[in-house]
Amino acid sequence: MQAPQRAARRVMRFGVFEVDLHARELRKRGIKIGLQQQPLRVLALLLEHAGEVVTREDLRQAIWPAGTFVEFDVGLDAAIHKLRAALDDSAESPRFVETLPRRGYRFIAAVDGVAQPLEESPPKRKVLVWTGGLAVAAALLLALDYGGLHDRMRGRPPSATPPSIAVLPLTNLGTDASDAALADGMTEELIGILARLGQVRVIASTSVFGFKGRPIDVRRIADSLRVSHILEGGFQRVGSRLRLQVRLVDARDGSTRWSATYDREMKDVFATQDELAGAVARELEVRLEGRTGSNLLRHRTRNIEAYELYLRGHDLTLHFTDSGLRAGLEYFNQAIALDSTFAAAYAGAARGYALLGWSGNPGFSLGELRTRAEAAVRKALALDDSLAEAHAALGVILMVWRGDPTSAEAEARRALALNPAEPRVHEQLAHIALLTGRPTDVLAEARLGLEADPLSPTAITMVARALYRNGRCDEALAQLQPVAGLRPPVRWAVLTAGLCFAEQRRWPEAIAALRQGGETGGVHGRTMLGFVLAQSGQRQEARQILAELLARQQRSGNLASDVAIVHAGLGDFDGAFTWLNRAADEGPALATTPLLEEIMGPAFRDLRRDPRFERVRKRLGLSR
């Protein structure tokens, strides 16, 4: 058999662009433009049939073969959006890619050369269909090459870029299902320890937990998270002993770079984690800068039972549901009862109480939440002033109840200095920038959070909110696509989509998006639905929602700003300012309602032009 010949270089030119189909590169005036595999393959197929209609079915068969896990419509729409963005093209006035509704697409510009299909990549293992929660987001993001995070050049020497790592959720190898929470908590602890090594980029927990329990190709995960290494393994507890089996995988070739089994007493868990982190650091050729031995991991408690309770609480509070926060608080308080010097448990409790302040149904009065949160954070900081979680929790409290964005931002940045791999702090900083009317800062912080946690639905949604705040609704809606299919829906994803559609005066889609949220949006979702209905001219239903809010405000309070927002939608600015001042009387911004962030957005530009706005803004704590 004759040896295969090396493929000839094939370059296609149109306008100021050229595509090298062999090298798989798009250039504009000779400068390379980042374009991921799926949109590039779509472009190649369109160029191959320039001037002809390429149907959606043609694209599906060629690029999304049967057996892959991506939802085709979502994947194709995202690929076309990315392609148009790279080509500075638009659907409304196309220069290159024309849309034929319900049929497909056509490349309409003159093309120099004869295109051929892109060569197939080496075969990959088939991936099972995933369903539910973060797994859906992970699957979609892998398929869509989300956010440009897959642009790492393969084969680059390890020394060319700083090492990066993702710690996959430890598998519970034991027979006791309740130990799964301990395995998850230990995963989170290992992520935190490795993040404190320095010189290593560590992916946050929300993204890696999307792969929990799934038979996923390690190299593919590494590509999706843009990391050079993967740490995976299993955890088993038998009586008073633990067994930890781990291996470090080099993402370039999928080879095992290092592996170990730790069979120890449970009381030695801290030393075991310390030893594991040190071994990983050595393999990554990272200097520990004096943080060896007991200095690498601060022993937060010597009570193993308290530590297990803390891990369970931490696992429950990861995704910020009301029920999870309450259950997590129970575990934190049980841990504190066993060890009154456990700083991390106090910090976890402070954060839990603070986050319940954002809830429409916290189960506590706001005054009680504030008292409990402030007492817990004071204790945490008194025990350990170097604890990043405590400074982050204090930042939330300063914004939630004291309306002090300057001090809140300083605490959040202190937390980041202590633990650079905590993406929730970037989201916290983005929220502060939202409230204080700094849209550019919102986008910068949101993107940093997404870089650290690329598959997190909340990080994805925060970037979409930031894009909306910067008047970039098309990009915001595209950003939301990977989380659009999650059930239950992500609250702020639904609200942001509705506001984006409203900003574009796509009223039916805006109203449908807000109705779709159902109970997920809670009372605040009803508020924004009322606002959009009023803006669209459906004033009768908007007034019905206003009546609902007024009745709830009379029964329980805490909804003054919601009432103000619907008044603003109806064009009743006098009523809006009356209720905004009542909101200021009730307390600082976030304790009253997280929707106050929205009055700094595009939908409320007319309200902000009123001279009364600056006065009420200061009263609400929305000024730096």
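It should be noted that the structure appears before, not after, this text.
So, here is what we can say about the structure in this document. Because the structure is predicted, anything quoted here is derived from the model rather than measured.

**Description of the state of the cysteines**
So, step 1. A complete count under the given rule lists zero disulfides for this structure.
So, step 2. Looking at the unpaired cysteine 473, the closest cysteine sulfur is the one in cysteine 500, lying at 3.4 Å.
So, step 3. Cysteine 500 sits in the buried class, given a relative accessible area of 0%.

**Some points on the sheet that holds strand E7 (residues 104–107)**
So, step 1. Sheet architecture is open: three strands sit in the order E5-E7-E6, paired in antiparallel fashion. Taken across any chain shown, the strands that pair with only one partner, and hence form the sheet edges, are strand E5 (53–55) and strand E6 (97–100). Sheet twist, expressed as the mean angle between neighbouring strand axes with direction ignored, is 30°.
So, step 2. Pairing of E6 with E7, which is carried by four bridges, proceeds in the antiparallel orientation. Pairing of leucine 100 across the sheet is with glycine 104, part of E7.
So, step 3. On top of the sheet, helix H1 (residues 37–48) reaches E5, E6 and E7; it is set at about 65° to E7, its chief contact.
So, step 4. Sheet contacts for helix H2 (residues 56–63): E5 and E7; angle to E5, the most-contacted strand, approximately 60°.

**Considerations on helix H9 (residues 304–316)**
So, step 1. Taking 1.5 Å of rise per residue, the 13 residues of H9 would be expected to cover 18 Å, and the 19 Å separating its terminal C-alpha atoms lies within 8% of that figure.
So, step 2. Among the 13 residues of H9, eleven are classified as buried, and the element is accordingly described as predominantly covered.
So, step 3. Buried residues of H9: Ile304, Ala306, Tyr307, Glu308, Leu309, Tyr310, Leu311, Arg312, Gly313, His314 and Asp315, and no others.
So, step 4. Where H9 is buried, its residues contact helix H5 (179–195), strand E11 (229–238), helix H8 (269–283), helix H10 (322–338), helix H11 (343–356) and helix H13 (388–400).
So, step 5. Where H9 starts, the residue carrying a side-chain oxygen 3.0 Å from the main-chain nitrogen of glutamate 305 turns out to be asparagine 303.

**Considerations on unusual backbone geometry**
So, step 1. Of note in this structure, arginine 226 is not a glycine but carries a positive phi near 55°.
So, step 2. Structurally, arginine 226 can be placed in the loop between helix H7 (218–225) and E11.
So, step 3. Judged by its relative accessible area of 23%, arginine 226 is partly exposed.
So, step 4. With phi around 60°, arginine 505 is a residue other than glycine that occupies positive phi space.
So, step 5. Residue position: arginine 505 is located in the loop between helix H19 (491–503) and helix H20 (507–516).
So, step 6. According to the relative accessible area criterion, arginine 505 is exposed, its value standing at 59%.

**Considerations on the packing of aromatic side chains**
So, step 1. Summed over the entire model, instances satisfying the criterion amount to eight aromatic pairs.
So, step 2. Ring geometry for phenylalanine 14 and phenylalanine 96: centres 5.4 Å apart, planes at 70°, overall edge-to-face. Highlighted residues: phenylalanine 14 in strand E1 (residues 11–14) and phenylalanine 96 in the loop between helix H3 (72–87) and E6, separated in sequence by 82 residues. Taken individually, phenylalanine 14 and phenylalanine 96 each receive the classification buried, so the pair is uniform in this respect.
So, step 3. Ring centres of tyrosine 310 and phenylalanine 342 lie 5.2 Å apart, and the angle between their planes is 50°; on these two criteria the pair is classed as tilted. One end of the pair, tyrosine 310, is in helix H9; the other, phenylalanine 342, is in the loop between H10 and H11, and 32 residues separate them in sequence. The pair tyrosine 310 / phenylalanine 342 is uniform in exposure class, with both members buried.
So, step 4. Among the aromatic residues, those joined into a ring-pair cluster are Phe14, Phe17, Phe96 and Phe107.
So, step 5. Directly above the ring of tryptophan 492 sits arginine 465, whose terminal nitrogen or CZ lies 4.1 Å from the centroid.
So, step 6. The positively charged end of arginine 582 is found above the aromatic ring belonging to tryptophan 579, 4.2 Å away from the centroid.

**Focus: the sheet that holds strand E2 (residues 17–20)**
So, step 1. The four strands are arranged E1-E2-E3-E4 in an open sheet whose pairing can be described as antiparallel. Each edge of the open sheet carries a strand with a single partner, namely E1 and strand E4 (31–33). The average angle at which neighbouring strand axes cross in this sheet is 30°, direction not considered.
So, step 2. Relative to strand E3 (residues 25–28), E2 runs antiparallel, the two being bridged by four bridges.

So, how was this worked out
- Residues numbered from 1 in each chain as written.
- Predicted model: local features only at pLDDT ≥ 70, side-chain atom pairs only at ≥ 80, totals over all residues.
- Heavy atoms only, no water.
- Disulfide = S-S within 2.5 Å.
- Buried < 20%, exposed > 50% of the residue type's maximum accessible area, 1.4 Å probe, protein only.
- Pairing = 2+ DSSP bridges.
- Helix = DSSP H or I, 4+ residues; strand = E, 2+ residues; numbered from the N terminus.
- Axes fitted to C-alpha atoms, helices over the stretch in contact; angles between N-to-C directions.
- Contact = heavy atoms within 4.5 Å.
- Expected span 1.5 Å × (residues − 1).
- Polar contact = N/O pair within 3.5 Å; in protein donor to acceptor, adjacent residues only side chain to side chain.
- Phe/Tyr/Trp six-rings, centres within 6.5 Å; stacked < 30°, edge-to-face > 60°.
- Lys NZ or Arg CZ within 6 Å of the ring centre and 35° of its normal.

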